[in-house]
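Read off the chains here:
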Amino acid sequence: MNENQDSGDVIRGEGGELHQLPEKGKTTLTTQQGVPVSDNQNSLKAGVRGPTLMEDQILREKLFHFDHERIPERVVHARGYAAHGYFENYENLSDITCADLFQRKGEKTPVFTRFSTVAGAKGSPDLARDVRGFATKFYTKEGNWDLVGNNIPVFFIQDAMKFPDLIHAAKEAPDRAFPQAQTAHDNFWDFISLTPESMHMVMWAMSDRAIPRSFRFMEGFGVHTFLMLTKEGKASFVKFHWKPLQGLQSVAWNEALKINGMDPDFHRRDLWESIEKGDYPEWELGIQVFDETFLERFEFDVLDATKLIPEEQVPVTPVGKMVLNKNVDNFFAETEQVAFCTQNIVPGIDHSADPLLQGRNFSYLDTQLKRLGSPNFTKIPINQPKCPMHNFHQDGHMAVENPKGRVNYEPNSWEAEPNPRACPMSGFRSHSTPLEGEKVRVRSETFADHYSQARMFFNSQTPIEQAHIVDALSFELSKVAREDIRLRMLGHLRVITEKLASAVAENLGVETLPDPASPAREPIDLPPSEALSILLNSGNTFKGRKVGVLLTNKVDATLFRELEKQVKDAGASLEVVAPMRTGITDSKGKAIDVDHLVDGGPSVLFDAVAVIASKESVQALLDEKPALDFLSDAYYHCKFIAFNEAVSVLLDAVGLKQKLDAGCFDIEKASSPTEFIEACKVLRFWEREQH
Ligand code: HDE
């Protein structure tokens, strides 16, 4: 700085670049070594137009650090989003488990939950048809418990040995590196059609569970059977469930495809926005508890991760509630570096011998070392327990916390503080399960029924949901080039149910169905379970949803303000879409805040829509193709639609004037904003699809 320059000034360099000087008392830029930097825009050169000098340690450090910013993305579940919150325990559960977090009613345990898709890369779109990860780290007073689940209660395979093949087949083909983040391709269906154990999970993946409206409206499942242990060592079997208090909701497939183009961050934006607004999403944690007697009478093996236990057979008991109430401060530090490990369990919880879970317990630690580069990844704040830790581990890459003093082993005879010892009374104890048998590489024959629960799942869906499964399978298989793979899949569908197979075959134009696959064990008919349907569990509420209002200048003030009020009263939010970003007023001249231009606010971003226009300005919408798409997409995606008289020209232009149904509300003449919002509680007018 020379004497003519003041702190805070912006000065121009000789090449025309702008330099901001630090304000008085404000921070000066330094290197990692703490050396103050004088110029952050020009490298050190030999002469004004000469080559850069190798001695420029400031440039070298800056580029070096930048070059190493990325860590390997997760080999699966790379695309994800997370938030902090707490788990509140409902009751003392000491008769089932001594896990500390379940001992005191009302106790709050901090949590960090990451949601994800499985197959896509870190930058892939949120609405891919895919399973969603649902992983929660509980920072309990007796260590971290990671419940690393999915939004689907079963899995594609029964043994960890098959996992790399499953994932290779699902991800992009290695020669051409496409298609990404989707299973609609030959490799995936080739593998699946040769893997009968995957049929149950395939039904879930082809249902609307795989295109959730947002993370807030989906369930989570621990999938495997776990054990809970009391202080006295009594064991119970458990399955974990997360139930969203917001209800369940998914989108339409055509809508998902369009959301991916319009807002590939749709799910992460939704979670972030709802937390920023203070509309915190909540899930109840439920457990299904069962014992040896149940194992005797249950039709399947509880160690088989391709089977669920219907809630009608073992009810889900809510034991607590998770509230996500804080967004991360830094995505990389928290969401990217969080390292979930299935082997992170706490006293009172134990693993079962499910061969998939056993493989996971090996895999997660391994993958974290690869991703984070050092066994000290547990020292990164997001992974650190919030309870005291004392052990004799030491050194390694990036060691930041080596103990003082000479004691680094145990047992020892030194006086030192702390000098930790293992405690047989309070320490983690595994359940003493009696084990015997030969060393064998086989699958238990109790795992051999691959179709009964797939059939049960299909039969538990409402007709609308069944139609969506037919459509999804038709879409996916239509993208498979090899006919033998398509036919092999139809053979499996025939065993699940002829109804499904023939509907998909018809869509694919297959006239003669192939022979049914020959099952290892003949499927049995099981009673349907209501808990498996999304539509029967949507919660009948519009809270937390979004209405998109497409409007024009001079829109009727009373109508618009009343709609705004009704949306707010229902606990939902409203966003305005208009032909101009600023300068829109209502009929009384009061300014209306616009959120999106018509081109940037398509109806796929909203749960329900309203189109209200003034007579003099409606032409502005007629001239815009996106405004016409707004209306027709909303209609074909079965959304509830409100409109006013002036919009009839628009309805006419998109051919909907004659097709108005009970999901369409003329809120000016025939009904009111109140009736429209009341109807929105069922979320979609799916009946429209059946006409
Ligand atoms: Fe994972 N899985 N998985 N998985 N998984 C990973 O760990 C693996 C499985 C799940 O948000 C990886 O940190 C094997 C079932 C979630 O960070 C890796 C097998 C279920 C997440 C891994 C399975 C899951 C992962 C990759 C078969 C539902 C994301 C990155 C034996 C119950 C966690 C990582 C997050 C992540 C391995 C099967 C859920 C490689 C070997 C079944 C939610 O360790």
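None of these values were measured; they are calculated from a predicted model.

Here we take up the overall build of the protein chain. For the protein chain, the helix and strand inventory stands at 18 helices and 18 strands. For 691 residues, the compact-globule formula gives about 26 Å, and the C-alpha radius of gyration of the protein chain, at 29 Å, lands near that figure. Burial analysis of the protein chain (691 residues in total) assigns 52% to the buried set. Of the contacts formed within the protein chain by residues at least 6 apart in sequence, a portion of 72% connects residues at least 24 apart.

Looking now at the packing of helix 12 (residues 483-496) against helix 13 (residues 498-508). Running from N to C, helix 12 and helix 13 cross one another at 145°; their axes reach a closest spacing of 6 Å. On helix 13, the residues that touch Leu490, Leu493, Arg494 and Ile496 of helix 12 are Glu498, Leu500, Ala501, Val504 and Ala505. Considered class by class, the residues forming the contact of helix 12 with helix 13 number seven nonpolar, no polar and two charged.

As a further point, take the packing of aromatic side chains. For the coordinates displayed, the defined rule picks out 29 aromatic pairs. Through a chain of ring-to-ring contacts, three or more aromatic side chains come together here, namely Phe87, Phe102, Phe115, Phe134, Phe138, Trp145, Phe215, Phe226, Phe240, Trp242 and Trp283. A cation over a ring is seen here: Lys386 above Tyr139, with NZ or CZ 4.4 Å from the ring centre. The ring of Tyr635 has Arg688 lying over it, and the distance from NZ or CZ to the ring centre is 4.3 Å.

In this section: the site of the ligand. Taken together, the neighbourhood of the ligand is formed by 22 residues, with Arg74, Arg114, Arg360, Tyr364 and Gln368 sitting nearest. Between the ligand and the protein, one listed contact pairs an oxygen atom with a side-chain N or O atom of Arg114 at 2.6 Å. Measuring from a nitrogen atom of the ligand, one finds a side-chain N or O atom of Tyr364 at 2.6 Å. Residue assignment for the shell around the ligand shows that the elements contributing at least two residues are strand 5 (132-140), strand 6 (143-150) and helix 9 (355-372). Counting residues per element, the shell around the ligand draws most heavily on helix 9, at six residues.

Overall, parallel pairing links the six strands, which are arranged 15-14-13-16-17-18 in an open sheet. Two strands in the sheet have a free side with no partner beyond their single neighbour: strand 15 (596-597) and strand 18 (664-666). In this structure, strand 13 (residues 546-551) lies alongside strand 16 (residues 608-612), joined through five bridges in parallel fashion. When the sheet's bridge partners are listed, Gly548 is paired in strand 16 with Val609. On the sheet, helix 14 (residues 557-569) packs against strand 13, strand 14 (573-578) and strand 16 and is oriented at approximately 145° with respect to strand 14. Contacts from helix 16 (residues 625-636) reach strand 13, strand 14, strand 16, strand 17 (641-643) and strand 18, with the element oriented near 140° to strand 16.

In this section: the side chain of His596. When you line up the elements, His596 lands in strand 15. At a separation of 2.7 Å, a polar atom in the side chain of His596 contacts the side chain of Glu575.

All right, on to the coordination of the iron atom of the ligand then. If you check the protein contacts of the iron atom of the ligand, you find one donor only, Tyr364 (OH), at 1.9 Å. As for its placement among the helices and strands, Tyr364 is situated in helix 9.

The next point concerns the nonpolar core. Grouped together as the largest cluster of nonpolar side chains are 63 residues, with contacts concentrated most on Phe156, Trp189, Ile192, Met203, Leu473, Leu493 and Leu500. Of all elements in the fold, only helix 2 (163-170), helix 3 (186-193), helix 4 (199-205), strand 8 (226-229), helix 10 (452-459), helix 11 (463-478), helix 12 and helix 13 reach the threshold of two or more residues within this core. Both domains that furnish three or more residues to this core are identified here as domain 1 (67-371) and domain 2 (451-535).

In this section: the domain arrangement of the protein chain. Under the domain assignment used here, the protein chain contains domain 1 (67-371), domain 2 (451-535) and domain 3 (540-690). For domain 2 and domain 3, the distance between their C-alpha centroids amounts to 38 Å. Listed as interface residues are four residues of domain 2 and, on the opposing side, four residues of domain 3. Between domain 2 and domain 3, roughly 340 Å² of surface is buried when both sides are summed, and carbon and sulfur atoms account for 66% of that area. Broken down residue by residue, the surface that domain 2 buries against domain 3 is led by Ile464, His468 and Leu535, which jointly contribute 89%. Our enumeration of links across domain 2 and domain 3 arrives at zero salt bridges. Summed over the shared surface of domain 2 and domain 3, the result is one residue pair in polar contact (both at pLDDT 80 or more).

You can see Lys615 is positioned in the loop between strand 16 and helix 15 (619-622). With a relative accessible area of 64%, Lys615 lands in the exposed category. Along the sequence, Lys615 and Glu645 sit 30 residues apart, while their C-alpha atoms lie 8.5 Å from each other. Excluding residues that lie within four positions of it along the chain, Lys615 makes contacts with Glu645 and Ala646.

What follows is about unusual backbone geometry. Going from Glu410 to Pro411, the amide bond is cis rather than trans, its omega being 5°. As for its placement among the helices and strands, Pro411 is situated in the loop between helix 9 and helix 10. For Met398, which is not a glycine, the phi torsion comes out positive at approximately 60°. Following the sequence through the fold, Met398 ends up in the loop between helix 9 and helix 10. With relative accessibility at 69%, the residue Met398 sits in the exposed group. Positive phi is not limited to glycine here, since Leu683 has a value of about 75°. Within the element layout of this structure, Leu683 appears in the segment after helix 18 (673-679). Given a relative accessible area of 4%, Leu683 falls into the buried group.

Rules of the game
- Residues numbered from 1 in each chain as written.
- Predicted model: local features only at pLDDT ≥ 70, side-chain atom pairs only at ≥ 80, totals over all residues.
- Heavy atoms only, no water.
- Helix = DSSP H or I, 4+ residues; strand = E, 2+ residues; numbered from the N terminus.
- Rg over C-alpha atoms; globule rule 2.2 N^0.38 Å.
- Buried < 20%, exposed > 50% of the residue type's maximum accessible area, 1.4 Å probe, protein only.
- Contact = heavy atoms within 4.5 Å.
- Axes fitted to C-alpha atoms, helices over the stretch in contact; angles between N-to-C directions.
- Nonpolar A, V, L, I, M, F, W, Y, C, P; charged D, E, K, R; others polar.
- Phe/Tyr/Trp six-rings, centres within 6.5 Å; stacked < 30°, edge-to-face > 60°.
- Lys NZ or Arg CZ within 6 Å of the ring centre and 35° of its normal.
- Near = heavy atom within 4 Å.
- Polar contact = N/O pair within 3.5 Å; in protein donor to acceptor, adjacent residues only side chain to side chain.
- Pairing = 2+ DSSP bridges.
- Donors = N, O, S within 2.8 Å, 3.2 Å for Na, K, Ca; no water.
- Core = buried A, V, L, I, M, F, W, Y, C linked by side-chain atoms within 4.5 Å.
- Domains from an automatic or database assignment.
- Buried area = accessible area lost by both parts, 1.4 Å probe.
- Salt bridge = Lys/Arg side-chain N within 4 Å of Asp/Glu carboxyl O.

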